[in-house]
Amino acid sequence: MELKDIKELIEFDHDTMQAVIDIHSKKETTLKEIALEKDEIYKSSWEAVNKQVEETKKKLDEKIASDAALNEKKYNEMSSLITSTFQSSKEQWKKELFDRTIK
């Protein structure tokens, strides 16, 4: 081999090593970018899920409050109806009980 061939081989080796180093650096950069993107996707997905959960929870809380108010209203109406029915029929029921026990 001549000196010229040796120099070309050394230069080729140097260029090839630099190309390998560049490719390795690009690989590391790409892996870091992928990891960052993966974290962003993970976070955004959980944010969307948490947002939907909070919205659903809010709707359910509103429905529970509405149902509770409606149930309270119905309870008061029925309680009032029972009380008024009892008050209006109390004397009649007393008389019936008295008559049944005496006879």
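Residues numbered from 1 in each chain as written. Predicted model: local features only at pLDDT ≥ 70, side-chain atom pairs only at ≥ 80, totals over all residues. Heavy atoms only, no water.

## Side note on the overall build of the protein
Moving on, step 1. Within the protein, the secondary structure is distributed over one helix and zero strands.
Moving on, step 2. Relative to its length of 103 residues, the protein is extended, with a C-alpha radius of gyration of 43 Å against a globular reference of 13 Å.
Moving on, step 3. Dimensions of the protein along its principal axes, counting C-alpha atoms only, are 140 × 25 × 5 Å.
Moving on, step 4. Within the span of the protein, comprising 103 residues, buried residues form 1% of the whole.
Moving on, step 5. Split by element, the accessible area of the protein, about 10,000 Å² in all, is 61% carbon and sulfur.
Moving on, step 6. Put simply, the protein has 19 plus and 23 minus side-chain charges, and the middle of one group is 18 Å from the middle of the other. (Helix = DSSP H or I, 4+ residues; strand = E, 2+ residues; numbered from the N terminus. Rg over C-alpha atoms; globule rule 2.2 N^0.38 Å. Buried < 20%, exposed > 50% of the residue type's maximum accessible area, 1.4 Å probe, protein only. Areas by Shrake-Rupley, 256 points an atom, 1.4 Å probe, with all protein chains shown as cover. Lys, Arg positive; Asp, Glu negative; His and termini not counted. Charge placed at Lys NZ, Arg CZ, Asp CG, Glu CD.)

## Some remarks on the pattern of salt bridges
Moving on, step 1. A complete count under the given rule lists three salt bridges for this structure.
Moving on, step 2. Note that Glu-91 and Lys-94 form a salt bridge whose closest N and O atoms lie 3.7 Å from each other. One end of the pair is Glu-91 and the other is Lys-94, both in helix α1 (residues 3-102) and three residues apart, which spans about a single turn.
Moving on, step 3. Glu-91 sits in the exposed class, given a relative accessible area of 51%.
Moving on, step 4. Classification of Lys-94 by relative accessible area gives partly exposed; the value is 47%.
Moving on, step 5. Between Asp-99 and Lys-95 there is a salt bridge; the shortest N-O distance is 3.0 Å. Of this pair, Asp-99 and Lys-95 both sit in helix α1, four residues apart, which is roughly one turn of that helix.
Moving on, step 6. Classification of Lys-95 by relative accessible area gives exposed; the value is 52%. (Salt bridge = Lys/Arg side-chain N within 4 Å of Asp/Glu carboxyl O.)

## Re a negative patch on the surface
Moving on, step 1. A cluster of acidic side chains, namely Glu-2, Asp-5, Glu-8, Glu-11, Asp-13 and Asp-15, defines a negative patch on the protein surface.
Moving on, step 2. With respect to the helices and strands, the residue Glu-8 is situated in helix α1. (Patch = residues over 30% accessible without salt bridge, like charges linked within 9 Å, V, L, I, M, F, W, Y side chains within 5 Å.)

## Looking at α1
Moving on, step 1. Over its 100 residues, α1 runs 139 Å from end to end, which matches the ideal 148 Å to within 8%, given 1.5 Å per residue.
Moving on, step 2. Within α1, the axis deviates most sharply at Ser-89, by approximately 55°. (Expected span 1.5 Å × (residues − 1). Bend = angle between axes of the 7 residues up to and from the residue.)

## With respect to a nonpolar patch on the surface
Moving on, step 1. A cluster of nonpolar side chains, namely Tyr-42, Trp-46, Val-49 and Val-53, defines an oily patch on the protein surface of about 410 Å² accessible area.
Moving on, step 2. Tracing the chain through its elements places Trp-46 in helix α1.
Moving on, step 3. Owing to a relative accessible area of 43%, Trp-46 belongs among the partly exposed residues under this scheme.

## A word on the environment of Lys-26
Moving on, step 1. Structurally, the position occupied by Lys-26 is in helix α1.
Moving on, step 2. Considered as a pair, Lys-26 and Leu-36 are 10 residues apart in the sequence and their alpha carbons are 15 Å apart.

Everything listed here is a matter of coordinates, which is why it stays silent on function.
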